[in-house]
Amino acid sequence: MELFNAGLDWYSLADKAIQGSKLSQKEGAAILEADDGELLPIMQAAYRVRHHFYGRKVKLNMIMNAKSGLCPEDCGYCSQSIVSTAPVSKYSMLDKESLLAGAREAVVRKAGTYCIVASGKGPTDRELDQVIEAVQEITSTLPLKICACLGILKEDQARRLAEAGVHRYNHNLNTSKSNYPSITTTHTYDQRIETVKIAQSHGMSPCSGVIIGMGETNEEIVEMAYALRELDADSIPVNFLNPIPGTPLEGTKRVSPIRALKVLALFRFICPSKEIRVAGGRELNLRSLQPLSLYAANSIFVGDYLTTEGQEVTTDHQMIEDLGFEIEICALSAV
């Protein structure tokens, strides 16, 4: 990979990405395999792409864990799965008032997108009714973009969510197709692809991302980025595994901060115009290098995640201000 050790060559990749040209497999792998001394030139080139499409704005998202635990799936990374022994809260779908309270908190935190997330393989009709009732009131009273993440969807369920005012639907690919059977066996990679396409076909913006640190190779990480480019996902959360005790992946070595930054740069180069979000695990994996992540990514979650704590919201706001960036005030005017 000597060709890419000259620093300035990263700028040619940035120009290629801005022009809409697809990076080759070799070019993508080169980003991940580059000497650590190339990190700052890589991030500067990634920022060139990020700035072209998003300037200095940062999108904020907030998660509401609307239904916790009680999941029949066997996803190895998840503390809510049936195979997990992690001590997590377990409760059925929250009522409308609780979901509304979460939306109001999202506004306080300056989040433009409110993400309603529920454990389980897919929503029941009753759960869907509860979410729809809350979404209709939220969208009529608060300046928030609504993202739902309820599992595998049927056509009619997707139609109802879209008609209720859900702007975006999240269903992560999580890992590569070849690595998928080692992570979960209770559903398939193709089922996830199908759900993203169903949501998209009913007018909801597709949100789909990955979890880095589950034994995937560099080639598989590039494959994931290509898959999301092919899906035309508008929003791409890049999670870094938090190996929670009690899950099958407990004890897995965390991703190093430098590798995490290279991964974010890779996704920016391959999906240049999309919302790249530093998602779960950023605090534990990026650690003191968190601010650098926003030179490639243009979005973060604020507050807690599903079953783990996040960074203090005021700390995130301060980080953005210290970088000279600015929070996007209203997500409704953007994709």
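The structure we're discussing is the one just above.
A short tour of the structure in this document, coming up.

Procedures and definitions
- One numbering rule holds for all chains: residues counted from 1, following each sequence as written.
- Reporting in this predicted model follows two pLDDT cut-offs: at least 70 for local features of residues, and 80 or more for side-chain atom pairs to be given and counted; totals over whole chains, interfaces and linings ignore these cut-offs and use all residues.
- As a convention, hydrogens and water are excluded, and side-chain values are obtained from all of the structure's heavy atoms.
- Only protein chains enter the accessibility calculation, which uses a 1.4 Å probe; a residue is then buried when its area is under 20% of its type maximum, exposed when over 50%, and partly exposed in between.
- Comment: elements are numbered from the N terminus, with helices defined as DSSP H or I runs of at least four residues and strands as E runs of at least two.
- Strand pairing is assigned whenever DSSP identifies at least 2 bridges connecting the two strands.
- Looking down the strands as they point away from you, a crossover is right-handed if its path from the first strand over the helix to the second goes clockwise.
- Nonpolar cores were defined as sets of buried Ala, Val, Leu, Ile, Met, Phe, Trp, Tyr and Cys residues, with membership established by side-chain atoms within 4.5 Å.
- Throughout, a contact is declared for two residues whenever any of their heavy atoms are within 4.5 Å.

The next thing to look at is the pairing of strand 3 (residues 145-149). With respect to burial, strand 3 is a largely interior element, five of its five residues being buried. Burial along strand 3 is two-sided: Lys145, Cys147 and Cys149 facing one way and Ile146 and Ala148 facing the other are all buried. By the bridge criterion, five bridges tie strand 2 (residues 113-118) to strand 3 in an arrangement that is parallel. Counterpart to Tyr114 in the pairing with strand 3 is Ile146. For the segment spanning strand 2, helix 5 (residues 125-141) and strand 3, crossover handedness is right-handed. Relative to strand 4 (residues 168-170), strand 3 runs parallel, the two being bridged by two bridges. Residue pairing in the sheet places Cys147 in a bridge with Arg168 of strand 4. With helix 6 (residues 155-164) bridging strand 3 and the parallel strand 4, this β-α-β connection has right-handed handedness.

What follows is about the nonpolar core. Core analysis: the biggest nonpolar cluster contains 93 residues, and Tyr114, Leu161, Val238, Phe267 and Phe269 have the highest contact counts within it. With nine residues, the top contributor of residues to this core is helix 9 (residues 257-270). Among residues more than four places away in sequence, those in contact with Phe267 are Val210, Ile221, Met224, Ala225, Leu228, Ile236, Val238, Pro272 and Ile276. In terms of nonpolar packing, the next biggest core, distinct from the first, is built from eight residues, Val117, Cys147, Cys149 and Phe301 among them.

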